[in-house]
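One-letter residues, chain by chain:
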Amino acid sequence: MPCVCCKMAAPTLSRLYRAPLSGVWLRGLRVVRTGARGMLAAPRARGLFKEFFPESGTKTELPELLDRRRAGSSPQTVYCGFDPTSDSLHVGHLLTLLGLFHFQRAGHNVIALVGGSTALLGDPSGRTKGREALSADCVRANARALRRGLESLAANHARLFADGRPWGTFTVLDNAAWLEEQHLVDFLASVGGHFRMGTLLSRLSVQSRLKSPEGMSLAEFFYQVLQAYDFYYLFQRYGCRVQLGGSDQLGNIMSGYEFIHKLTGEDVFGITVPLITSTTGAKLGKSAGNAVWLNREKTSPFELYQFFVRQQDDSVERYLKLFTFLPLPEIDHIMQLHVKEPEKRGAQKRLAAEVTKLVHGQEGLDAAKRYRMITEGGVSINHRQVTNPESVLVIGQHILKNGLSLLKIGKRNFYIIKWLQL
């Protein structure tokens, strides 16, 4: 498929190459929350896919498009964006990643798009005030770190969660590759004329910010236009017809649908995943100050493991469905055992193990379990129980005068440690 020229003037935009994709005109733009079937049925049953857009397409066209069992069907392409406002993803990003992985496992190709350009503007969705401005150098460094994090997660997924089926590809891109080449006046002339101010102003994310004391900057207001253009670019270049995002992204996804449909007459689709909140109802993330990071330098495997072990009983079944690939019958069995002995937190431990393995690999999970043994009182040094993994070994207490330590792990494992340098 030929590449789309990024430096476009107004007269050439409508003549861009159209991807050879079938589609029908849709009637109405209402969001649908039910009726998904085929490949969409399994994530829907897990509660992972929340909203589908537009309604008329997701009842028939989208399920048929994604059904790899149909004769002559080909893999589709699905994407989700991640803005590098920090140098690490956090737990709040995991559900969109799990959504991409479910598509990949069904044989479709997925794109994780790092917003190396859009992060400079700041996404206003779900926010009461503007983001703190980041320098271009900081965004570039964050973008590189996010790419590494996404590639690591994809590698863990492929290595540790294979199910014997042929999977689609996982690709990481950065929208700086095409947005930074744009010339402002040319871009506004060629793209801006296809957006209506009334429609952009009607988005809930815009309305809430305009009514706030701080208001909304022009850069933030223009964010949805750039995200719509990303969708258009990926549609033209990669045949991408589905955008995945958090439920607060629905307005931005709608803008992309309208832009693509207006220019090409083709139909694309949006799917949202639920937002994960804290016990107080606050959205998990950097801005809220409650982020649980996926980078082990910011949140250790043990801390990530403990975050999920601490989940309440009324959340753990939902989280097992959302955050793991465990079959639903197996989750039902786990919960049956959990109900009998909730004090053992067996469901929470299985949830924590599955997530930690996905994020940090088997080595990370093993390390987290070793730390857990300490916190649960399973380790003693010189007959003194140690329950803090961060404890400093004290000479005379943990290390005897002869340079030896007696380490006990569990009930039967004893070790004598000789310290060579004190």
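- Under an unreviewed UniProt entry, the protein chain has the name Tyrosine--tRNA ligase and belongs to Mesocricetus auratus.
- Database annotation for the protein chain, UniProt heading Catalytic activity (unreviewed entry): "tRNA(Tyr) + L-tyrosine + ATP = L-tyrosyl-tRNA(Tyr) + AMP + diphosphate + H(+)".

## Here's the deal with the overall build of the protein chain
Part 1: A count of helical and extended segments in the protein chain gives 17 helices and 10 strands.
Part 2: Counting every position in the protein chain, which comprises 422 residues, the buried fraction comes to 51%.
Part 3: Once local pairs closer than 6 in sequence are excluded, the contacts in the protein chain between residues at least 24 apart make up 73%.
Part 4: As presented, the protein chain carries roughly 20300 Å² of accessible surface, and 53% of it is formed by carbon and sulfur atoms.

## Observations regarding a nonpolar patch on the surface
Part 1: A cluster of nonpolar side chains, contributed by L184, V185 and L188, occupies part of the molecular surface with about 310 Å² of accessible area.
Part 2: Relative to the helices and strands, L184 resides in helix α8 (residues 184–190).
Part 3: For L184, a relative accessible area of 61% gives the class exposed.

## Structural notes on the environment of R105
Part 1: Mapped onto the secondary structure, R105 falls in helix α5 (residues 94–105).
Part 2: Under the relative-accessibility criterion, R105 is labelled buried at 10%.
Part 3: Separated by 59 residues in the primary sequence, R105 and G164 have C-alpha atoms spaced 9.6 Å apart.
Part 4: Among residues more than four places away in sequence, those in contact with R105 are H157, F161, D163, R165, P166, W167 and F325.
Part 5: Within polar-contact distance, the side chain of R105 engages the side chain of H157 at 3.0 Å.

## Quick notes on the sheet that holds strand β8 (residues 384–385)
Part 1: Taken in spatial order, the 4 strands of this open sheet run β8-β7-β9-β10, and their pairing is antiparallel. Looking at strand neighbours, the two that pair on one side only are β8 and β10 (413–418), the edges of this open sheet.
Part 2: Of the strand pairs in this sheet, strand β7 (residues 379–381) and strand β9 (residues 404–409) are connected by 3 bridges, and their pairing is antiparallel. In the sheet register, S380 faces β9, and the bridge partner there is K408.

## Observations regarding the pairing of β9
For a regular strand, the rule is simple: side chains alternate between the two faces of the sheet.
Part 1: Alignment of β9 against β10, held across 6 bridges, turns out to be antiparallel. Its bridge partner lying in β10, L407 is registered against Y415.
Part 2: Between β9 and β10, which pair antiparallel one after the other, the connecting turn spans 3 residues, and G410 there sits at a positive phi close to 75°.

## Things to note about the pattern of salt bridges
Part 1: Taken as a whole and judged by the stated rule, the model has 10 salt bridges.
Part 2: Its salt-bridge partner being R296, residue E363 comes within 3.2 Å of it at the nearest N-O pair. With a gap of 67 residues between them, E363 in helix α17 (residues 346–375) and R296 in the loop between β6 (269–273) and α14 (301–309) connect regions that are remote in the sequence.
Part 3: On the basis of relative accessibility, which here comes to 34%, the residue R296 falls in the partly exposed class.
Part 4: For K321, the salt bridge goes to E317, with nearest N and O atoms at 3.8 Å. Placement of both K321 and E317 in helix α15 (residues 313–323) is noted, with a separation of 4 residues, approximately one turn of the helix.

## A look at the sheet that holds strand β1 (residues 51–53)
Part 1: In space, the 6 strands of this open sheet follow the order β1-β6-β5-β2-β3-β4, with mixed pairing throughout. Lying at the two open borders of the sheet, with one neighbouring strand each, are β1 and β4 (170–174). This sheet shows a mean twist of 25° between the axes of neighbouring strands, independent of strand direction.
Part 2: As judged from the 5 bridges shared by strand β3 (residues 109–114) and β4, these two strands associate in the parallel manner. The residue bridging I111 from the neighbouring strand is T171, located in β4.

## Remarks on the nonpolar core
Part 1: Judged by nonpolar contacts, the single largest core of 63 residues is most densely connected at F103 and F323.
Part 2: Looking at this core element by element, the count peaks at 9 residues for α17.
Part 3: Each of domain 1 (40–278) and domain 2 (300–375) accounts for three or more of the residues forming this core.

## Some words on the packing of aromatic side chains
Part 1: Summed over the entire model, instances satisfying the criterion amount to 16 aromatic pairs.
Part 2: With 5.0 Å between their ring centres and 85° between their planes, F307 and F308 make a pair best called edge-to-face.
Part 3: Judged by relative accessible area, F307 falls into the buried class, the value being 15%.
Part 4: An aromatic cluster of three or more residues is present, and its members are F187, F195, F222, Y229, Y232 and F259.
Part 5: Between R237 and the ring centre of Y238, over which it is positioned, the NZ or CZ distance is 5.2 Å.

## Focus on α5
Part 1: Its 12 residues give α5 an end-to-end C-alpha distance of 16 Å, which sits within 8% of 16 Å, the value for a rise of 1.5 Å per residue.
Part 2: Counting buried positions along α5 gives 12 out of 12 residues, so the element sits mostly inside the fold.
Part 3: Those residues of α5 that fall on the buried side of the exposure criterion are L94, L95, T96, L97, L98, G99, L100, F101, H102, F103, Q104 and R105.

Conventions used here
- Residues numbered from 1 in each chain as written.
- Predicted model: local features only at pLDDT ≥ 70, side-chain atom pairs only at ≥ 80, totals over all residues.
- Heavy atoms only, no water.
- UniProt positions renumbered as here; feature names shortened; annotations may be inferred.
- Helix = DSSP H or I, 4+ residues; strand = E, 2+ residues; numbered from the N terminus.
- Buried < 20%, exposed > 50% of the residue type's maximum accessible area, 1.4 Å probe, protein only.
- Contact = heavy atoms within 4.5 Å.
- Areas by Shrake-Rupley, 256 points an atom, 1.4 Å probe, with all protein chains shown as cover.
- Patch = residues over 30% accessible without salt bridge, like charges linked within 9 Å, V, L, I, M, F, W, Y side chains within 5 Å.
- Salt bridge = Lys/Arg side-chain N within 4 Å of Asp/Glu carboxyl O.
- Polar contact = N/O pair within 3.5 Å; in protein donor to acceptor, adjacent residues only side chain to side chain.
- Pairing = 2+ DSSP bridges.
- Axes fitted to C-alpha atoms, helices over the stretch in contact; angles between N-to-C directions.
- Core = buried A, V, L, I, M, F, W, Y, C linked by side-chain atoms within 4.5 Å.
- Domains from an automatic or database assignment.
- Phe/Tyr/Trp six-rings, centres within 6.5 Å; stacked < 30°, edge-to-face > 60°.
- Lys NZ or Arg CZ within 6 Å of the ring centre and 35° of its normal.
- Expected span 1.5 Å × (residues − 1).

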